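Working through the structure, step by step
One letter stands for each residue in the lines below.
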Amino acid sequence: MQRWRGLEDIPEDWGRSVVTIGSYDGVHRGHQLIIRHAVDRARELGVPAVVVTFDPHPSEVVRPGSHPPLLAPHHRRAELMAELGVDASLILPFTTEFSKLSPADFVVKVLVDKLHAKAVVEGPNFRFGHKAAGDVEFLAEQGKVYDFDVEVVDLVLCGEAGGGQPFSSTLTRRLVAEGDLAGAGEILGRPHRVEGVVVRGAQRGRELGFPTANVETLPHTAIPADGVYAGWLHANGEAMPAAISVGTNPQFDGTERTVEAYAIDRVGLDLYGLHVAVDFLAFVRGQAKFDSLEGLLEQMALDVRRCKELVAAQR
């Protein structure tokens, strides 16, 4: 899949394409409906499928300080989109100047002049342009002028997550923040993932017999609620069952919130400096402070055993 950052990266000889536009944070199952429809339409028309997204999140530019926790960084979204058959992704730098583009100017500068849209696929609530003044009705009118079709896909899906609420990135972020990783996973169609570089911590886990990878997470990452989770640690192309701790380490009066993953039954791992990914499968217990170090060690052993069982059950 081709990856472009900015309109200037689009090849000069780029032909017609099917386009879908949105933040697509998490590429959850509702997003997947739209993207798959765009890919299917592109195959029917014999042209590429392009996903257009933004960086930073538009809310951060329109309302500074309101950047939402992110369910997936852009490189991860690109990987997920490629798996769905997308041919190219375009990340548009969302600046104050860009935010002032009128819907009509957005259509011309992005969809017509650069991507040569033959069809545009969106959800019913899609908004774009300055002050989100553009909608799918306006887009359809512009399509008649500039020779592209507009197809609206109903992306409403519901399940057990959130008590039956429609799937959305907002609901997913809430469930992650609450520690409901099973619910978040239902919406995403996969476990929630946190990525970052392994850095040196206090190394207490190593001293206690449970060496952990201390993951310095990417900015604005959606971090689960404090507690212990079962999941996977991805490093060096390998997925390892893991017991994951999120929190401040109250046993040792910690104050900094960390994400640490213990690769179960693995000895001698050296992951310092590596970019790793942690997949959260299931909540095990909340963060706690124990009366003694022995009590902590006993609980850690139970946690690891439980995490091992939960991972094995979902293989």
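The structure contained in this document is the topic of the report that follows.

Rules used in this analysis
- Residues numbered from 1 in each chain as written.
- Predicted model: local features only at pLDDT ≥ 70, side-chain atom pairs only at ≥ 80, totals over all residues.
- Heavy atoms only, no water.
- Buried < 20%, exposed > 50% of the residue type's maximum accessible area, 1.4 Å probe, protein only.
- Helix = DSSP H or I, 4+ residues; strand = E, 2+ residues; numbered from the N terminus.
- Pairing = 2+ DSSP bridges.
- Right-handed = clockwise from strand over helix to strand, strands pointing away.
- Axes fitted to C-alpha atoms, helices over the stretch in contact; angles between N-to-C directions.
- Parallel < 35°, antiparallel > 145°, perpendicular 65-115°, else oblique.
- Left-handed = near helix turned anticlockwise from the far one by under 90°.
- Contact = heavy atoms within 4.5 Å.
- Nonpolar A, V, L, I, M, F, W, Y, C, P; charged D, E, K, R; others polar.

**Re the pairing of strand β2 (residues 17-21)**
With five of its five residues buried, β2 lies for the most part within the structure. On β2, burial covers both faces: Ser 17, Val 19 and Ile 21 on one face and Val 18 and Thr 20 on the other are all buried. In terms of strand pairing, β2 meets strand β5 (residues 117-122) through three bridges, oriented parallel. By the bridge assignment for β5, Ser 17 is matched with Ala 117. Relative to strand β3 (residues 49-55), β2 is paired through four bridges, and the arrangement is parallel. The residue bridging Ile 21 from the neighbouring strand is Val 52, located in β3. What joins β2 to β3 is helix α1 (residues 29-45), and the crossover it makes is right-handed.

**As for the packing of helix α7 (residues 169-178) against helix α8 (residues 181-188)**
Put simply, α7 and α8 touch, their axes get as near as 8 Å, and they point 155° apart. As far as their axial angle goes, α8 and α7 are roughly antiparallel. Classified by chirality, the crossing of α8 by α7 is left-handed. Contacts between α7 and α8 involve Leu 171, Thr 172, Leu 175 and Val 176 on the former and, on the latter, Leu 181, Gly 183, Ala 184, Ile 187 and Leu 188. Of the residues in the contact of α7 with α8, the class split is seven nonpolar, two polar and no charged.

**A look at unusual backbone geometry**
In this model, Asp 55 is joined to Pro 56 through a cis peptide bond whose omega is 0°. With respect to the helices, strands and loops of the structure, Pro 56 is situated in the loop between β3 and α2 (58-62). We note that Tyr 24 has phi near 50°; this positive angle belongs to a residue other than glycine. One non-glycine residue, His 220, adopts positive backbone phi at about 65°. Tracing the backbone shows His 220 in the loop between β8 (213-217) and β9 (227-235).

**Regarding the sheet that holds strand β11 (residues 258-263)**
Ordered in space as β7-β8-β11-β10-β9-β12, the six strands form a closed barrel in which the pairing is antiparallel. Looking at each pair of strands side by side, their axes are set apart by 45° on average, direction ignored.

**Topic: the side chain of Ser 89**
Inspection of the secondary structure puts Ser 89 in strand β4 (residues 88-93). Contacts of Ser 89, omitting those with residues within four sequence positions, involve Met 1, Gln 2, Arg 3, Trp 4, Val 51 and Ala 78.

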